[in-house]
Amino acid sequence: MEGLPATSRDEFGEELLIKQSIEHHFNLILNQAHFLPIATPFLEKGETLRPDSMYLSGKDGELFTLKSDMTRPLSRFLATNHINYPTHLYYFGETFTPPTQLSGHYNQQTQAGFEIIGETSWAAEQEILQQTLNLMAELDVTDLEIELSDAKLADAVLATYQLSPQQITCLKDALFNKNMTQYRQKLKAYHLIDDTFLVNWPMAFGLRGDALLPLLPDSPEINAMKTHWQELINSVKAFNSNIKVHVDLAARPLKSYYTGTTIRTFSQHVSEYIFSGGRYDQLLQDHRGCLLPAVGIGINVDALATLKAHTNKQQPEKDNLTFVLAKGRVEKAVRPLLKNAGIDNSALENPERKLIFHSNDNKLTFILVKADDVVKYLDAGIGDIGIVGSDTMAEQPFNHYDLLDLNVARAQFVLASTHDFRHHINMRPKIATKYPTITRQYFDKQNKDIQIIKLTGSVELAPLTDLADAIVDISQTGTTLKENNLKVLDELNDVSAHLIANRISVRQQRAFFNELIYNLLNILEPNDENLSKSIN
Ligand SMILES: Nc1ncnc2c1ncn2[C@@H]1O[C@H](COP(=O)(O)OP(=O)(O)OP(=O)(O)O)[C@@H](O)[C@H]1O
Ligand SMILES: O=P(O)(O)OC[C@H]1O[C@H](OP(=O)(O)OP(=O)(O)O)[C@H](O)[C@@H]1O
């Protein structure tokens with residue numbers, strides 16, 4: 001009997017019962033609130049090829065797209081039907097996206113959502129928040145924490161400083177990735193490192209978000225956002241004063257088309273956002289091609305079902321954090337650094353052949369994995385914090401925070417070959433490497449066509465044996481190159497160990513992360529007086 005494709009699964013029994021119950025309560029709440037149901041087919045016309053879509057081919061060769069989200073079918077529906085606006089809609093159904101092969105992820109997710117379309121007034125935001133709260137209560141998952149933000153906040157803040165468009169882009173990029181190393185370098189370069197709000201901005205969420213609200217620059221646009229957040233916070237508190245609600249002043253806009261308030265929720269038990277949405281006035285169009293203002297909330301039903309399963313079993317809140325360390329050079333190099341930053345990693349000192357360790361108080365777990373696998377443990381929500389080389393990160397899809405460059409396990413990528421290598425002789429040189437992405441990026445920048453040969457080690461052998469013309473590899477002392485009679489033709493990116501973190505873990509354990517980042521920055525940037533400006 002043939003099994004399922006690697007990326008699919010059956011759903012059965014208890015797991016499916018939970019989803020059915022979510023769907024039942026969801027329909028009940030939205031019917032009561034006079035939202036109208038909409039169901040769109042699995043297949044849409046597939047004229048635009050997108051990397052995040054799956055395709056089916058029809059009998060006559062026509063290409064169809066499997067529905068990868070609910071937004072596109074909804075856009076098509078509104079653009080091709082005469083509807084009276086404002087309209088209130090809701091949907092519940094399956095979406096399909098191609099996961100990375102052999103990653104353990106599934107290609108099919110259940111998504112639900114509700115939208116108010118054609119309504120510019122603030123009442124729409126209040127209504128979707130109200131329905132979100134009703135659903136949380138109906139499903140009995142009140143341990144969700146709500147985060148409010150605004151897609152335009154970062155631009156509004158940075159507009160109050162004297163910065164060029166390019167400087168704004170660089171700062172936003174570092175801010176949204178919570179890349180503290182890059183962010184602080186930029187602040188220093190732009191002479192803004194004395195600004196208390198800016199210094200603390202990347203971690204301005206949760207209680208710290210609330211604490212930094214009064215330090216937000218003064219502008220009519222920002223003041224209007226503050227008023228709106230306060231109104232939403234008041235409605236949450238009036239509904240149930242136990243629900244945690246905070247502002248996130250450093251949130252990346254959910255999607256590029258969001259234009260106003262955003263609302264997201266997460267819980268202590270699941271490493272993904274459960275509800276997320278907000279205002280997006282620039283995406284949907286009616287049948288005449290006129291833009292339609294809209295607010296909506298999407299629900300990750302699979303994540304919600306995981307949360308429900310936890311709630312049903314009454315499991316305690318997670319109070320343990322897992323570090324995933326790239327074993328070998330990286331783990332050895334960061335061990336003293338972590339220890340100096342107050343992390344009890346003494347158990348790693350006598351590893352023998354064990355791969356899992358605990359701190360003396362059992363609050364921290366350390367797991368040792370091959371460098372390539374660190375990100376997979378973070379993706380799955382098993383690891384909260386990862387420590388891995390920037391070389392490994394550059395070769396993988398990466399969707400986490402790149403918090404700090406730890407400045408240890410340092411090396412450099414180099415292009416190297418034999419002494420008689422001549423660039424111009426070989427029209428399409430063969431380059432051997434363990435790092436195809438880095439290699440491709442480097443040659444693309446130079447408009448040079450090459451052929452890559454992916455090796456797993458002893459890369460220096462390739463030009464010596466004529467397997468390849470040159471190599472892109474890591475060099476530290478240069479000894480390996482020298483001993484193999486190879487010379488450096490060019491120096492590429494620097495490599496070092498980085499501290500990375502799952503986005504939801506940073507929220508679930510924000511006090512721990514704040515302290516760890518602060519302690520590590522004190523070691524990495526000693527004598528930096530501005531560090532004391534970090535609220536801790
Ligand atoms: N000279 C160097 N060569 C290779 N990696 C280095 C060097 N210096 C620092 N590094 C960092 O160390 C990581 C590799 O560590 P290590 O060699 O222990 O693991 P590995 O590549 O899995 O090795 P092995 O396959 O020999 O176990 C790289 O990802 C890089 O970030
Ligand atoms: O400049 P150096 O200090 O000599 O270091 C560079 C060498 O170290 C790494 O190899 P590694 O030891 O990881 O073995 P590998 O060839 O099996 O990847 C790298 O691939 C180089 O071969």
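- Under an unreviewed UniProt entry, the protein chain has the name ATP phosphoribosyltransferase and belongs to Leuconostoc fallax.
- The record held by UniProt for the protein chain lists under Pathway (unreviewed entry) the comment "Amino-acid biosynthesis; L-histidine biosynthesis; L-histidine from 5-phospho-alpha-D-ribose 1-diphosphate: step 1/9."
- The annotation that UniProt attaches to the protein chain under Catalytic activity (unreviewed entry) is "1-(5-phospho-beta-D-ribosyl)-ATP + diphosphate = 5-phospho-alpha-D-ribose 1-diphosphate + ATP".

## Topic: the site of ligand 1
Point 1. Among the 15 residues in the neighbourhood of ligand 1, the closest are listed as R329, K370, D391, A409 and Q476.
Point 2. One of the side-chain nitrogen or oxygen atoms of R329 is found 2.5 Å away from an oxygen atom of ligand 1.
Point 3. The side chain of Q476 places a nitrogen or oxygen atom 3.4 Å from a nitrogen atom of ligand 1.
Point 4. Secondary-structure elements contributing two or more residues to the shell around ligand 1 are α11 (329-340) and α13 (390-394).
Point 5. By residue class, the composition of the shell around ligand 1 is five nonpolar, four polar and six charged.
Point 6. Shared between two domains, the shell around ligand 1 takes at least three residues from each, and those domains are domain 3 (321-409 + 497-533) and domain 4 (411-495).

## Regarding the environment of N177
Point 1. On the secondary structure map, N177 appears in the loop between α5 (165-176) and α6 (180-189).
Point 2. Residue N177 is classed as partly exposed on the basis of its relative accessible area of 22%.
Point 3. Along the backbone, N177 and I474 are 297 residues apart, and their C-alpha atoms lie at a distance of 26 Å.
Point 4. If we ignore the near neighbours within four places in the chain, the residues touching N177 are R252, Y401, D402 and R503.

## Section: the sheet that holds strand β23 (residues 486-495)
Point 1. Strand order across the open sheet formed by five strands is β21-β20-β22-β19-β23, with mixed pairing between neighbours. This sheet does not close on itself; its edge strands, each paired only once, are β21 (451-454) and β23. Direction aside, neighbouring strands of the sheet carry axes that sit 25 degrees apart on average.
Point 2. Of the pairings in the sheet, the one linking strand β19 (residues 411-418) to strand β22 (residues 470-475) comprises five bridges and is antiparallel in character. Following the sheet pairing, V414 is matched in β22 by D473.

Cut-offs used in this document
- Residues numbered from 1 in each chain as written.
- Chains lettered and ligands numbered in written order.
- Predicted model: local features only at pLDDT ≥ 70, side-chain atom pairs only at ≥ 80, totals over all residues.
- Heavy atoms only, no water.
- UniProt positions renumbered as here; feature names shortened; annotations may be inferred.
- Near = heavy atom within 4 Å.
- Polar contact = N/O pair within 3.5 Å; in protein donor to acceptor, adjacent residues only side chain to side chain.
- Helix = DSSP H or I, 4+ residues; strand = E, 2+ residues; numbered from the N terminus.
- Nonpolar A, V, L, I, M, F, W, Y, C, P; charged D, E, K, R; others polar.
- Domains from an automatic or database assignment.
- Buried < 20%, exposed > 50% of the residue type's maximum accessible area, 1.4 Å probe, protein only.
- Contact = heavy atoms within 4.5 Å.
- Pairing = 2+ DSSP bridges.
- Axes fitted to C-alpha atoms, helices over the stretch in contact; angles between N-to-C directions.

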